[in-house]
Amino acid sequence: MQKGILIIGAGGVSRVATVKCAMNIDTFEHITLASRTISKCESIRDDIKKNQGISIDVASVDADNVEELVKLIKKVNPKVVLNVALPYQDLTIMDACTQCGVDYVDTANYEHPDEAKFEYKEQWARDDQFKKAGIMALLGSGFDPGVTGVFCAYAQQNIFDEIHTIDIMDCNAGDHGYPFATNFNPEINLREVSANGRYWEEGKWIETKPLEIRVDHDYPEVGVKPSYLLYHEELESLSKNIKGLKRIRFFMTFGDSYIAHMNCLKNVGMLGIEPVEHKGQKIIPIEFLTTLLPDPASLGPRTVGKTNIGCIIEGIKDGVKKKIYIYNICDHQECYKETGAQAVSYTTGVPAMIGAKMLYKDIWKDKGVFNIEEFDAQPFMDELMTQGLPWKIIELD
Ligand code: NDP
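On a predicted model such as this, the values are computed, not experimentally measured, just so you know. (Residues numbered from 1 in each chain as written. Predicted model: local features only at pLDDT ≥ 70, side-chain atom pairs only at ≥ 80, totals over all residues. Heavy atoms only, no water.)

Q: Just to check I follow, could you spell out the overall build of the protein for this structure?
A: Secondary structure assignment for the protein yields 15 helices and 20 strands. On C-alpha atoms alone, the protein measures out to a radius of gyration of 20 Å, which is about the 21 Å that the 2.2 N^0.38 rule sets for 397 residues. Counting only C-alpha atoms, the protein reaches 55 × 55 × 40 Å along its principal axes. In the protein, buried positions account for 56% of the 397 residues. A fraction of 73% describes how many contacts in the protein between residues 6 or more apart in sequence connect residues 24 or more apart. Counting every atom, the protein has about 16,700 Å² of accessible surface; 48% of that belongs to carbon and sulfur. For the protein, the centre of its 43 positive side-chain charges and the centre of its 58 negative side-chain charges are spaced 1 Å apart. (Helix = DSSP H or I, 4+ residues; strand = E, 2+ residues; numbered from the N terminus. Rg over C-alpha atoms; globule rule 2.2 N^0.38 Å. Buried < 20%, exposed > 50% of the residue type's maximum accessible area, 1.4 Å probe, protein only. Contact = heavy atoms within 4.5 Å. Areas by Shrake-Rupley, 256 points an atom, 1.4 Å probe, with all protein chains shown as cover. Lys, Arg positive; Asp, Glu negative; His and termini not counted. Charge placed at Lys NZ, Arg CZ, Asp CG, Glu CD.)

Q: Got a minute to help me understand the nonpolar core in this structure?
A: In globular proteins that are soluble, nonpolar side chains generally tend to be buried together. Counting residues in each nonpolar core, the largest one holds 91 residues, and the members touching the most others are Ile166 and Ile313. The biggest single contributor to this core is helix H14 (residues 343-360), with ten residues. If near-sequence neighbours (up to four positions away) are discounted, Ile313 is found in contact with Phe151, Cys152, Ala155, Phe160, Ile163, Thr165, Ile166, Lys322, Lys323, Ile324 and Ile326. Core analysis: the next-biggest nonpolar cluster, separate from the first, contains 24 residues, Ala59, Ala63, Tyr104 and Phe130 among them. (Core = buried A, V, L, I, M, F, W, Y, C linked by side-chain atoms within 4.5 Å.)

Q: Would you mind going over the site of the ligand with me for this structure?
A: Around the ligand there are 28 residues in total, and Arg36, Thr37, Lys40, Ala63 and Thr107 lie nearest to it. Interatomic distance of 2.5 Å between a side-chain N/O atom of Arg36 and an oxygen atom of the ligand. At 3.0 Å from an oxygen atom of the ligand is found a main-chain nitrogen or oxygen belonging to Phe143. Here the ligand loses 91% of its free accessible area of 930 Å² to cover by the protein chains. Within the shell around the ligand, the residues separate by chemical class into 13 nonpolar, ten polar and five charged. (Near = heavy atom within 4 Å. Polar contact = N/O pair within 3.5 Å; in protein donor to acceptor, adjacent residues only side chain to side chain. Nonpolar A, V, L, I, M, F, W, Y, C, P; charged D, E, K, R; others polar.)

Shown next as structure tokens:
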């Protein structure tokens, strides 16, 4: 009989997801943590054993290799696989899950390492494969994508008759004290931010130059922060799944120092993904930069301040125009005290655990490949309240 959860990846997000799965061991029954570097799994395991007294199995796996994954999944025989490695591993882990007949959850959509472009196409194309195997894939169960999709689904199911516009607002007002560092995997973060912006309006995609559109937005409990329009993966699924939508955009806050450093690194070619020859060796500039930058997992103890992430949603209720902001606030130091990780890892790792819980307990049960907004939002919203990511709704004029 399938039992337990297999978590793949052992970075900042995995630390939080694993700590939270351990706090929900009544649900998950047993935890196995596997990653490329087993010492990272052992470090998370040892902290959980020390703080929560829960035993976790660890394993080493190269998640780029389907055969290795299949061997591990067959050995562990879990009920759910939670992928918190990198987006490059999404397809191999999905393929291993269909070969083994195990449900799949992730937090970020597939990216090819050699092409700075992310889209759901290749994961959605596996829908038949998942249906035939009689299993389910839940895509994008982090915060954004993830909780933002659940917020939109909740608004559609409970607050509005029609939703017309959505602006997803992602504010990290945390300060780690370094002139430049990224709060999650540097390679994934810098590829996302330095790319052209894009938003969806009246059925069409509108492209902007990188960080071309800026709004100064007043975030509750945080204050006014410059927020820049980016393309973000949930725009692709929400523009399909929220019926009647006319426009959806995504904004993220960046400080001047972050932008100045990023532009400088871009201008000198350090964000390149093509190999370059250096003293007889081939190196990929962005991979080398990742080696130089602080490990996001190390930012926890030194990051202070809050995150405020949510959705401004406008539409119609009972024939009257309505506009709301639905959001969560997280404090970096509180997150660190609880899990040993800062709020960006926390706000991703908690919903990753909740998504896995929805499948583990058959609360969300289906066959095929799904995005998070395709389900009843209420049980997920209830879990957010009790697992560390309480949300609020305010009316805007
Ligand atoms: P990290 O870089 O800290 O951790 C990634 C982990 O994956 C590392 O333990 C790494 O192991 C492991 N890994 C990488 N390649 C392989 C491989 N081939 N086989 C096995 N393990 C591998 O990343 P984060 O924890 O910051 O992010 C994890 C995921 O969460 C990413 O996909 C990211 O995009 C996503 N994310 C989603 C967000 C959301 O809101 N939806 C927000 C933030 C992040 P090793 O170090 O040994 O190579």
